[in-house]
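Examining the three-dimensional arrangement
Take a look at the letters that make up each chain.
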Amino acid sequence: MKKFLCFSLLLLLGLLNTQAARPVKVACVGNSITYGAGIANREANSYPAQLQYYLGTGYEVRNFGHSGATALRRGDLPYTQTEAYTASLAYQPDIVLIKLGTNDTKPQNWRYQAEFAADYQALIDTYRALPSHPRVILLTPVRCYLTEPQTINPDTIAERIRPTVEQLAYRNGLGIINLYNLFGDTWDASLMPDRLHPSSIGAGMMARHIGEYLLRDTLPQPETFVPSNGTPFNFHGYRGYDFTLEGIACKVVTPTQEADGHPWVWRARFWGHEPQTDIALLEQGFHIVYCDVADLYGSDEALHRWDRFYRYLQRNGFHKQAVLEGMSRGGLILYNWAARHPERVACIYADAPVMDIKSWPLGQGTSHGSPQDAAQLLRAYGFRDTLQAAAWKRNPLDHATTLARARIPILHVVGDADKVVPVAENTAPFEAAMERLGAPITVIHKPGVGHHPHSLSHPEPIVRFILQATGRDSNPCIHAVPGNEYRSAAGWSEGSEWHSVAQDIEATLEGRKVKLLLLGNSITQGWGGNRQRVTYKPGKAAMDAALGEGCWESAGISGDRTQNLLWRIRHGRYNRCRPDYVAIAIGINNLIGGGDSPEACAEGIVSVTEEACREFPEAKILLLGLFPSGREPESTIRQSCDRIHALLAAHRFDERVTYIDPTAWFLSEDGTLRQALYSPDYIHLTPQGYQCIADHLARLIQ
């Protein structure tokens, strides 16, 4: 009997452990965009497939997309009548991602528009009623760039479908992920070749955005702050509250999943205008708050209101440091309050900000100003006249010394053609002052853009700045994922895409012993080697002459970033060729295509090198970091390359790693890159450039 009880207990424990180890099941429900229509090798490159790679083995992602499907039950292809729908129910998922609505905007379907919300709600209810009790998350449609009439309608997606999806998320208390702004407001053929369906690169952007949301937390949390006198409202799918504090109108919007530490963004002016940054930060677990200081222009009364509101939020557990966000005249309150309380500020994001009241609203420069606002400003500050106002020495421009001393990270987004708040009278002198004080700010310029529109249609640079400033950014350079390049212009044979090229490398290495294995991106791919799918090999002759034909091989893939090479080293079994030496040159695509900081890129290069040490335990590692780019030494890209090499030089690597900064190989006496070694983009190399590297590598090896 005791033996039977022990056996039963062991069996039960085994079952519990099996259940505990079971991956989280994710069902991707949707139309052709979910299915991966038009994507080469969609089984590996659709957004659900790339989401699987991004999430890792703790998740199991299934693609239940069906091309042409509608949420409308009386549409021309209702999703609920597809095999994909039936299979998604049988899957018993833990998480359901619903992305429908694009096909519903076709004229033959949108005539039933009055039924759209109810039919979508019925679909939500069906999934929530499953025995697995899944968490349902709604995805807004991606932006459509079609221009033909009588087909899918971009305006209906923006003005009707997206708000309805947001309302459904709000009403049901569901998570929501904004994909609408992901590709910006201008059509990019590399992201959406047919103006409707994302490419494999676009699908990768979707997968990363969704993956970051899921990995940050797996379960929604109860609201930790609900104002006692608050009136709920819908803010793009999130629950907001209108309330008053000592008679002043205030707002707060709560995230579905609150981040640790209760972070928050303080929106200074123009609530709800260009909200894409706020929406993205809600997805990251930030609260968005607002305290009305309209028509006070950063005066003492405005500062007193903010002081009271800040104390109120502190009593309710908000983080001690706020992210300050303001547009146009909002710059006045942002900077005046930050100068008064620099210890309470995590960072500042200012958009076309007023930095000097002489410029606006007084109009004493190139701006016409605003007579009405000037009169209100005089009353708010108690100035006798414009002369006294013009002599005021507590403008945002005047706070540079205080803010520089506090080392507060600052970002400005400006339109270079702004005639209302001219850059030359506002941001430019402030930027110059901060640089003189040794505390430079980041400025994103929008060429040809005036005072409007504010923000960025795809706000990722703003969001990344805020996440980095608050210590909450996840470095994509060290998150191993496959690449998703597909372009025939990448130097590949016709019909190739990233996975087929990666498989070609593995097949080329099978059964061989090489002296040198080269790891990297398109520059490394240009060595060519014996690979069948590489058609452009400008470096092959040079390396054959330096080391001998067949003694080396190239494992570079065009477009690869550190995270893609990290994936290949980890999963490609490259040590099958037992190299004596492994040379690593990676990172330029992180800077140019990825928009990653030099610090993030350097961390990615270090991760690649450490992974190579594990994968090649008997090889010597030659770390070249990345080759210099940007012809002039003062160019931004060259300075980023130099910064990365400084970071790599300071790092302590494994004793098998030899770090070599190759920059000097390519320089003329005046510091410019040698033109004969580079193609016109000053990134890729000519045959002479490859000869230069081959000679140096041969000397290092010999």
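The structure presented is a predicted model; accordingly, all values stated were derived computationally and were not measured. (Residues numbered from 1 in each chain as written. Predicted model: local features only at pLDDT ≥ 70, side-chain atom pairs only at ≥ 80, totals over all residues. Heavy atoms only, no water.)

Structural notes on the overall build of the protein
Along the backbone of the protein there are 25 helices and 19 strands. A compact globule built from 702 residues should have a C-alpha radius of gyration of about 27 Å, and the protein, at 28 Å, falls within 12% of that. Along the three orthogonal principal directions, the C-alpha set of the protein runs to about 85 × 80 × 70 Å. Per-residue burial over the protein gives 58% buried out of 702 residues. Residue pairs in contact within the protein that sit at least 24 positions apart in sequence constitute 73% of those at least 6 positions apart. In the protein, the 67 positive side-chain charges and the 73 negative ones have mean positions that sit 4 Å from each other. (Helix = DSSP H or I, 4+ residues; strand = E, 2+ residues; numbered from the N terminus. Rg over C-alpha atoms; globule rule 2.2 N^0.38 Å. Buried < 20%, exposed > 50% of the residue type's maximum accessible area, 1.4 Å probe, protein only. Contact = heavy atoms within 4.5 Å. Lys, Arg positive; Asp, Glu negative; His and termini not counted. Charge placed at Lys NZ, Arg CZ, Asp CG, Glu CD.)

A closer look at the packing of aromatic side chains
Enumeration over the complete set of coordinates arrives at 32 aromatic pairs. Pairing Phe243 with Tyr312 gives two aromatic rings, centres 5.8 Å apart and planes at 35°, and the pair type is tilted. Separated by 69 residues along the polypeptide, Phe243 in strand β7 (residues 238-245) and Tyr312 in helix α11 (residues 300-315) bring together distant segments of the chain. Look at Phe243 and you get buried, because its relative accessible area is 5%. Members of the aromatic cluster, each reached through a chain of ring pairs, are Phe225, Phe243, Trp264, Trp266, Trp306, Phe309, Tyr310, Tyr312, Phe318 and Trp337. Lys25 extends its terminal NZ or CZ atom over the ring of Tyr91, reaching a point 4.5 Å from the ring centre. Over the face of the ring belonging to Trp187 we find Arg195, whose NZ or CZ atom lies 3.8 Å from the ring centre. (Phe/Tyr/Trp six-rings, centres within 6.5 Å; stacked < 30°, edge-to-face > 60°. Lys NZ or Arg CZ within 6 Å of the ring centre and 35° of its normal.)

Regarding helix α17 (residues 460-469)
Of all the positions in α17, only Ile462, Val463, Arg464, Phe465, Ile466 and Leu467 are classed as buried. The inward-facing, buried residues of α17 contact α9 (200-216), α10 (276-283), β11 (322-327), β12 (345-351) and β13 (410-415). Backbone geometry just after α17 places Gly471 at a positive phi near 70°.

Structural notes on the sheet that holds β13
Reading across the sheet, the 9 strands line up as β6-β7-β8-β10-β9-β11-β12-β13-β14 and stay open at both edges, with mixed pairing between neighbours. The open sheet is flanked by β6 (231-235) and β14 (442-446), the only strands paired with a single partner. Neighbour to neighbour, the strand axes of the sheet diverge by 20° on average, direction disregarded. Pairing of strand β9 (residues 264-267) with β11 involves 3 bridges; the strand directions are parallel. Counterpart to Arg267 in the pairing with β11 is Glu325. (Pairing = 2+ DSSP bridges. Axes fitted to C-alpha atoms, helices over the stretch in contact; angles between N-to-C directions.)

Let's talk about the pairing of β14
Working note: regular strand, side chains alternate between the two faces of the sheet. For β13 and β14, the ladder comprises 5 bridges, and the chain directions are parallel. By the bridge assignment for β14, Leu411 is matched with Thr442. Handedness of the crossover is the feature at issue here: the chain leaves β13, passes through helix α16 (residues 427-436), returns alongside β14, and the resulting connection is right-handed. (Right-handed = clockwise from strand over helix to strand, strands pointing away.)

Quick notes on the sheet that holds strand β5 (residues 175-177)
Read from one edge to the other, the open sheet built from 5 strands follows the order β2-β1-β3-β4-β5, with strand pairing classed as parallel. Looking at the sheet topology across the chains shown, the edges are occupied by β2 (59-65) and β5. Taken over all neighbouring pairs, the strand axes of this sheet differ in orientation by 20° on average, direction set aside. Each of β1 (24-30), β2, β3 (95-99) and β4 (135-139) touches helix α4 (residues 47-55); the most contacted strand, β2, lies at about 175° to it.

Some details on the pattern of salt bridges
Enumeration over the complete set of coordinates arrives at 34 salt bridges. Glu166 is the partner of Arg162 in a salt bridge, and the nearest nitrogen-oxygen pair spans 3.2 Å. Taken together, the residues span about one helical turn, with Arg162 and Glu166 both in helix α8 (residues 154-172) at a distance of 4 residues. Like Arg162, the residue Glu166 is buried in the burial classification. Note that Lys513 is salt-bridged to Asp580, the shortest N-O span being 3.0 Å. One end of the pair, Lys513, is in the loop between α18 (498-509) and β15 (516-520); the other, Asp580, is in the loop between α21 (562-571) and β17 (581-585), with 67 residues separating them in the sequence. In this structure, a network of salt bridges that share partners links the residues Asp300, Asp307, Arg340, Glu343, Arg344 and Arg394. (Salt bridge = Lys/Arg side-chain N within 4 Å of Asp/Glu carboxyl O.)

Regarding unusual backbone geometry
Residue Pro361 follows Trp360 across a cis peptide bond; omega there is 10°. Structurally, Pro361 can be placed in the loop between β12 and α13 (371-381). Note the cis peptide between His452 and Pro453, where omega equals 0°. Inspection of the secondary structure assignment puts Pro453 in the loop between β14 and α17.

What about the environment of Arg269?
Its place among the elements puts Arg269 in the loop between β9 and α10. In this structure the C-alpha to C-alpha distance between Arg269 and Glu325, which are 56 residues apart in sequence, comes to 8.3 Å. Excluding residues within four positions of it along the chain, Arg269 makes contact with Tyr290, Ala294, Met327, Arg329 and Gly330.

Things to note about the side chain of His645
Its place among the elements puts His645 in helix α24 (residues 636-650). Among the polar contacts listed, one links the side chain of His645 to the backbone oxygen of Leu626, at a separation of 2.8 Å. Side chain to side chain, His645 and Asp661 meet in a polar contact 3.5 Å long. Ignoring sequence-local partners within four residues, the contact set of His645 consists of Leu624, Gly625, Leu626, Tyr659, Asp661, Pro662 and Thr663. (Polar contact = N/O pair within 3.5 Å; in protein donor to acceptor, adjacent residues only side chain to side chain.)

Re the UniProt feature "domain: SGNH hydrolase-type esterase" (unreviewed entry) in the protein
The residues that UniProt annotates with the feature "domain: SGNH hydrolase-type esterase" (unreviewed entry) are residues 28-202 and 518-691. Annotation note: span residues 28-202, helix share 37%, strand share 13%, distance between end C-alpha atoms 16 Å. (UniProt positions renumbered as here; feature names shortened; annotations may be inferred.)

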